[in-house]
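Each chain, letter by letter, is given below.
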Amino acid sequence: MVHLDRDYLEAVPALIGGREWVLVTSTGWASRGAIKAITGAAGAPVAVVGDVPENPTISYVEKLTSVKPADLVVALGGGSVMDAAKGLTALQALGGDIPRFEAHLRDGEPLPENLRPPPLICVPTTSGTGSEVTRWATIWGDEKVKFSLTDPRLYPSDAVLDPSLCLSKPRELTLSGGLDALSHAMEAVWNNNHTPESDRLATTAIGSIRRHLSAALERPDDIEARREMQVAATIAGFAMGTTQTALAHSISYPFTALFGMPHGLACSFTLPAVAEYNMAEDESRFGAIAEGLGCEIADIPAVLSAWFDEMKLGTAVGHYISAADIDGLGENLITRARAANNLRAVDGATAKDIAKRSLGDLSGSGAGSGAETAKAAS
Ligand SMILES: [Fe+2]
C-alpha cells in the first residue's frame, strides 16, 4: 500500500505496530541522524544495517545473512538501500542459503515456492528508482555485471512517501532520480509488455516530471516540487512494474558499472535517440509519451533534446564518459533481457551507435559529434 504525503516518523511506527523490526539504511542517512530519529519514534529495532553502499554487490548482500531476523524490515534510503533490503528479506526467507540465492541471481533459477519473506516497508528518500513499488532489486556482481532479484513475493508491503526527506538533495541526485523516473515511464511505453493501464500511468508520470523536475532542480527546498516528483517516480514505478524496462536501460549498465555514471543519467541520456529508433517501428504507440510531454509525436526526440539541454545533461554525462570510452566497450552494450522487452529489435552495434550519437548530441558533453570523435580517436 502506498501512503502518500505522510510524516514518516508517524507513519512508520504505526505500520510497525509494536512488532520486531530491522532497519536498513545508508551511511549517509545514518550520519544525518535518521537512525536516531526513526528509532526514537518507533522503538529500538532488533538490528540496524546502516552501511548500504551505492549499487550494492552480491558479496555485500550476502554478508547480511548475519542480521537477526525479525517480523518486518524497514528500508530508509534510495534505490540501493531498498534493493539491499529486498536482498536481505529474500536471504532471510531462504534461511541464509547463499548457493540458492546466487543460483537465482546468476542463473535465473526461481526462488522456492514456499518462500515467505518478511514484510518490507520502504521509505524512499530519492525520487526516481520506483523500487518502493516493484518486485525486483538490482544487485551487482563483484565482476561489475548487473543481476536482478525478481519475485512477486518481494513486493514491498508498504511505501511511505514523505517529501520532506527529498528536500535539499544535491542537484545531480535530483537530476539523476528525475530522469530515471522519466526513463521508467518512457520505457514502459515502447515496451512489448505495455498495457493500456501502463500507458496511462506513463503519461501521468511523464507529464508531472515535465512540469516539476526543473523546479526541483532550481529550488531544492520547494516542497511542492519534491512532492510531485516523489509521486511521479512512484507512478512511473508502477508503469515499469507492469512492463519492466527496455532499450535505454539495456544500454545503461556498462556506463554505471565501468565508469561510475549514476544510473539515472546512464538510462536517460539516450532517450531522444531511443525514442527516434523505436518510432521508426510504430509511431502510433507514442501517443502516451506525446501527451505527457505536451507535443506532437513527431516532435518527441527534439522536445526531449531541448529539455535535456536546458537541464545541462550534457555536462553531467560528459563528466563520466567520452566517445572514446564508448568505442572501447566493444559490442557488449546491451543486456539481452531488457532489450527483448523493446518495441523494436536491436543488436549490439546499433545500441553502441545510439549511445555514441546520444553523447554527441548532448550540448556541453565535450564529446562533439559521434562521427567527429570517432575520427579523432582512430
Ligand atoms: Fe532505472
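Moving on, we come to the overall build of the chain. Along the chain, the regular secondary structure elements total 19 helices and eight strands. Expected size for 378 residues packed as a compact globule is a radius of gyration near 21 Å; at 20 Å, the chain falls within 12% of this value. Each principal axis of the C-alpha distribution contributes one length, and for the chain these read about 60 × 45 × 40 Å. Classification of the 378 residues of the chain by burial places 53% in the buried group. Considering only residue pairs separated by 6 or more positions, the chain has 78% of its internal contacts joining residues 24 or more positions apart.

With that out of the way, let us pick up unusual backbone geometry. A positive phi angle, near 50°, is found at Asp5, a position not held by glycine. As for its position among the elements, Asp5 is in the loop between β1 (2-3) and α1 (8-16).

With respect to topology, six strands assemble into an open sheet ordered β1-β8-β5-β4-β2-β3, the strand pairing being parallel. Here the strands that pair on one side only, and so sit at the sheet edges, are β1 and β3 (47-52). Sheet contacts for helix α3 (residues 34-42): β2 (21-26), β3 and β4 (72-77); angle to β2, the most-contacted strand, approximately 160°.

Quite often, the size of an interface is put as the accessible area lost when its parts meet. Assigned domains of the chain: these are domain 1 (2-164) and domain 2 (171-377). Each of domain 1 and domain 2 has a C-alpha centre, and these two points are 26 Å apart. Here the residues of the side of domain 1 that touches domain 2 are counted per class, giving seven nonpolar, eight polar and five charged.

Structurally, the position occupied by Lys356 is in helix α18 (residues 348-361). Expressed as a C-alpha distance, the spacing of Lys356 and Ile326, which sit 30 residues apart in the sequence, is 6.7 Å.

Next up on the list: the packing of helix α7 (residues 171-189) against helix α9 (residues 223-243). With their axes 8 Å apart at the nearest point, α7 and α9 run at an angle of 35° to one another. In the crossing of α7 with α9, the sense of the turn from one axis to the other is left-handed. Contact with α7, carried on its side by Gly177, Gly178, Ala181, His184, Ala185, Glu187 and Ala188, involves Met229, Ala232, Ala233, Ala236, Gly237, Ala239, Met240, Thr242 and Thr243 of α9 and no other residues of that element. Residues of the contact of α7 with α9, tallied by class, amount to nine nonpolar, six polar and one charged.

Looking at helix α6 (residues 98-107), one finds that the buried residues are Phe101, His104 and Leu105. Projected onto a plane normal to the axis of α6, the buried residues spread over an arc of 90° and lie on a single side. Away from its buried face, by an angle of more than 90 degrees, α6 presents the exposed residues Pro99, Arg106 and Asp107. Buried positions along α6 lie against α4 (58-63), α5 (79-93), β6 (136-140) and β7 (146-150). Taken from the residues just after α6, Gly108 is the one with a positive phi, measuring 70°.

All right, on to the packing of helix α12 (residues 271-279) against helix α14 (residues 300-310) then. Contact geometry of α12 with α14 gives a least axis separation of 8 Å together with a crossing angle of 180°. Between α12 and α14, the crossing angle belongs to the class labelled roughly antiparallel. In this structure, α12 uses Leu271, Pro272, Ala275 and Glu276 to contact α14, whose residues at the interface are Ile300, Pro301, Leu304 and Ser305. Its residues placed into classes, the contact of α12 with α14 shows six nonpolar, one polar and one charged.

Here the focus is the environment of Ser31. Looking at the element boundaries, Ser31 is found in helix α2 (residues 27-31). In the structure, Ser31 is positioned 212 residues away from Thr243 in sequence and 36 Å away in space, judged by C-alpha atoms.

What follows covers α3. Among all positions in α3, only Ala34, Ile38 and Ala42 are buried. Each buried residue of α3 sits inside an arc of 35° when the element is viewed along its axis, so together they form one side. Residues of α3 that are exposed and angled more than 90 degrees away from the buried face: Lys36 and Gly40. Looking at the buried positions of α3, the neighbouring elements they touch are α1, β2, α2 and β4.

Moving on, we come to the nonpolar core. In this structure, Val24, Val74, Ala75 and Ala205 are the most contacted members of the largest nonpolar core, which totals 114 residues. Here the element with the most residues in this core is α9; it accounts for ten residues. Split by domain, the residues of this core number at least three in each of domain 1 (2-164) and domain 2 (171-377). Apart from the residues lying within four places of it in its own chain, the contact partners of Ala75 are Val24, Val81, Met82, Ala85, Leu120, Cys122 and Val123.

The subject of this paragraph is the pairing of β6. Among the five residues of β6, four are classified as buried, and the element is accordingly described as predominantly covered. Relative to β7, β6 runs antiparallel, the two sharing five bridges. The residue bridging Trp136 from the neighbouring strand is Thr150, located in β7. In this antiparallel pair of consecutive strands, β6 and β7, the connection spans five residues, and Lys144 shows a positive phi of 65°.

Parameters and conventions
- Here the residue index of a chain counts from 1 through its sequence in written order.
- Thresholds applied to this predicted model are a pLDDT of at least 70 for local features of residues and 80 or more for the giving and counting of side-chain atom pairs; totals over whole chains, interfaces and linings are not thresholded and use all residues.
- Only DSSP runs of H or I reaching four residues or more are called helices, and only runs of E reaching two or more are called strands; each is numbered from the N terminus.
- For the radius of gyration, the atom set is restricted to C-alpha positions; the globular benchmark scales as 2.2 Å times the number of residues to the power 0.38.
- Here a residue counts as buried when 20 or more other C-beta atoms sit within 10 Å of its C-beta, as exposed when there are 12 or fewer, and as partly exposed otherwise, the C-beta atoms being derived from the backbone.
- With C-beta atoms placed from the backbone, a contact is any residue pair whose C-beta atoms sit within 7 Å.
- A pair of strands is treated as paired once DSSP finds two or more bridges between them.
- Between the N-to-C directions of two axes lies an angle of 0 to 180 degrees, each axis being a line fitted to C-alpha atoms and, for a helix, fitted only over the stretch in contact.
- Each domain's extent is set by a domain assignment, obtained either automatically or from a database.
- All amino acids are sorted into three groups, where Ala, Val, Leu, Ile, Met, Phe, Trp, Tyr, Cys and Pro are nonpolar, Asp, Glu, Lys and Arg are charged, and the leftover types, Gly among them, are polar.
- Should the near helix be turned anticlockwise from the far one by less than a right angle, the crossing is termed left-handed; should it be turned clockwise, right-handed.
- Each direction from the helix axis to a C-beta atom contributes to the arc, which is the arc of those directions.
- Working rule for angles: under 35 degrees goes down as roughly parallel, over 145 as roughly antiparallel, 65 to 115 as roughly perpendicular, anything else as oblique.
- Buried Ala, Val, Leu, Ile, Met, Phe, Trp, Tyr and Cys residues whose C-beta atoms connect them within 7 Å together make up a nonpolar core.

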